[in-house]
Amino acid sequence: MFSTLKVFLTSFPPKIIFWKVAYKVLGIKIPKMGEWQNLFTNKSGIEIGGPSALFKREGYLPVYPIVRALDGVNFSDSTVWEGKLSEGHFYKYQFNTGCQFIAEGSYLPKIKDGNYDFVLSCNNLEHIANPIAAVLEWKRIIKKGGIILLVLPNKSANFDHKRPFTSIEHLIDDLKKNVAEDDDTHLEEILRLHDLKRDPQAGDYKSFRERCLNNYTNRCMHHHVFNQTVIQQLFQYCDLDIRLQYSSMTDHFIAAVKNNF
């Protein structure tokens, strides 16, 4: 019953009231989201790969309504998720607008050191081939005491559930090799273990394979599969201090602070 209900729940958008009722029925403890929101109240930040429904007023973790300002980064001026984009003051989050940067999430040369109070990244880091390089870049652009919030998919609820978790050793090796976004190391594993039944947008195997082969253009592929342990190890490697962490049925949440320059 639980697994059937979990699949049913994950087919809905993350509405606050819906999730609270569902979690109560399942007997799952709901974190105090006010503790998470306090990290961002009246602060200025940037979101990598957004905007995200999860951060909206009606979302599971409503950050957008409480921030002072928010900019955004997307890898291209045309994405599967947002369509056509323009660089400049065009980043729309909920009812507000910030600056939109067109850049790789792991390389942000237009943004100076210590420019923001926080970085948000929701269901994005798994699409980046070199995650440690990305997090180190995000650390660079936040102030001392700044926050990085990662939301990453819980594989048990999505099409990655057959895949093994990525090890921290593999992520460190990617960093040392300076792996770029054209990396296809995980392609064979993805084609073999991706559950197409849980990914209706992927189409049949032939269509999915073609999409994966064009990943540099579309960035739909999940290079890595995370759990809380790997995320903790990633933050520790980047010398970031973990403040809050939590796993829901669909996502892993973790927030860490930059305590050094």
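(A) Representation of the packing of helix H4 (residues 131-141) against helix H9 (residues 228-237) in the model. Between H4 and H9, the least distance of the axes is 10 Å, while the angle of their chain directions is 55 degrees. Of the possible angle classes, the one that applies to H4 and H9 is oblique. As for how H4 packs across H9, the hand of that crossing is right-handed. Note on element contacts: H9 touches H4 through Leu234, Phe235 and Tyr237, opposite Pro131, Ile132 and Val135. When the residues that make up the contact of H4 with H9 are grouped by side-chain class, the tally is six nonpolar, no polar and no charged.

(B) Spotlight on the pairing of strand E7 (residues 116-122). With respect to burial, E7 is a largely interior element, seven of its seven residues being buried. Relative to E7, strand E1 (residues 44-48) runs parallel, the two sharing four bridges. Counterpart to Ile48 in the pairing with E7 is Ser121. Following the backbone out of E7, through H4 and into the adjacent parallel strand E8 (residues 142-153), one traces a crossover that is right-handed.

(C) A look at the pattern of salt bridges. Counted by the stated rule, this structure contains 12 salt bridges. We note a salt bridge from Arg140 to Glu137, for which the minimum N-O separation is 3.0 Å. One end of the pair is Arg140 and the other is Glu137, both in helix H4 and three residues apart, which spans about a single turn. Residue class for Arg140 comes out partly exposed when judged on its relative accessible area of 23%. The partner of Glu188 in a salt bridge is Arg192, and the shortest N-O contact between them spans 2.9 Å. Here the residue Glu188 and the residue Arg192 both occupy positions in helix H6 (residues 187-193), the gap between them amounting to four residues, near one helical turn. Its relative accessible area of 53% is what places Arg192 among the exposed residues.

(D) Main features of unusual backbone geometry. Residues Gly50 and Pro51 are joined by a peptide bond in cis, for which omega reads 0 degrees. With respect to the helices and strands, Pro51 occurs in the loop between E1 and strand E2 (69-74). In this structure, Gln94 takes a positive phi of about 50 degrees despite not being glycine. With respect to the helices and strands, Gln94 occurs in the loop between strand E5 (88-93) and strand E6 (96-102). You will see that Asn178, though not glycine, has its phi angle at about 55 degrees, which is positive. Looking at where Asn178 falls in the secondary structure, it is placed in the loop between helix H5 (168-176) and H6.

(E) Just the side chain of Asp195, in detail. One can find Asp195 in the loop between H6 and helix H7 (205-213). Lacking a salt bridge, the buried Asp195 has Arg198 as its closest oppositely charged neighbour, with an N-O distance of 4.0 Å. Reaching out from Asp195, the side chain makes a polar contact with the backbone nitrogen of Lys197 at a distance of 3.0 Å. In contact with Asp195, other than residues within four places in its own chain, are Phe159, His161 and Lys162.

(F) Structural view of the sheet that holds E6. If you trace the eight strands from one edge of the open sheet to the other, you get E5-E6-E2-E1-E7-E8-E10-E9, paired in mixed fashion. Each edge of the open sheet carries a strand with a single partner, namely E5 and strand E9 (241-247). Geometrically, the sheet is characterised by an average inter-axis angle of 25 degrees between neighbouring strands, direction not taken into account. In the sheet, E2 pairs with E6 via three bridges, with the strands oriented parallel. Bridging across to E6, Gly72 finds its partner in Gln100. Strands in contact with H4 are E1, E7 and E8; relative to E8, the strand with the most contacts, it is inclined by about 145 degrees.

Cut-offs used in this document
- Residues numbered from 1 in each chain as written.
- Predicted model: local features only at pLDDT ≥ 70, side-chain atom pairs only at ≥ 80, totals over all residues.
- Heavy atoms only, no water.
- Axes fitted to C-alpha atoms, helices over the stretch in contact; angles between N-to-C directions.
- Helix = DSSP H or I, 4+ residues; strand = E, 2+ residues; numbered from the N terminus.
- Parallel < 35°, antiparallel > 145°, perpendicular 65-115°, else oblique.
- Left-handed = near helix turned anticlockwise from the far one by under 90°.
- Contact = heavy atoms within 4.5 Å.
- Nonpolar A, V, L, I, M, F, W, Y, C, P; charged D, E, K, R; others polar.
- Buried < 20%, exposed > 50% of the residue type's maximum accessible area, 1.4 Å probe, protein only.
- Pairing = 2+ DSSP bridges.
- Right-handed = clockwise from strand over helix to strand, strands pointing away.
- Salt bridge = Lys/Arg side-chain N within 4 Å of Asp/Glu carboxyl O.
- Lys, Arg positive; Asp, Glu negative; His and termini not counted.
- Polar contact = N/O pair within 3.5 Å; in protein donor to acceptor, adjacent residues only side chain to side chain.

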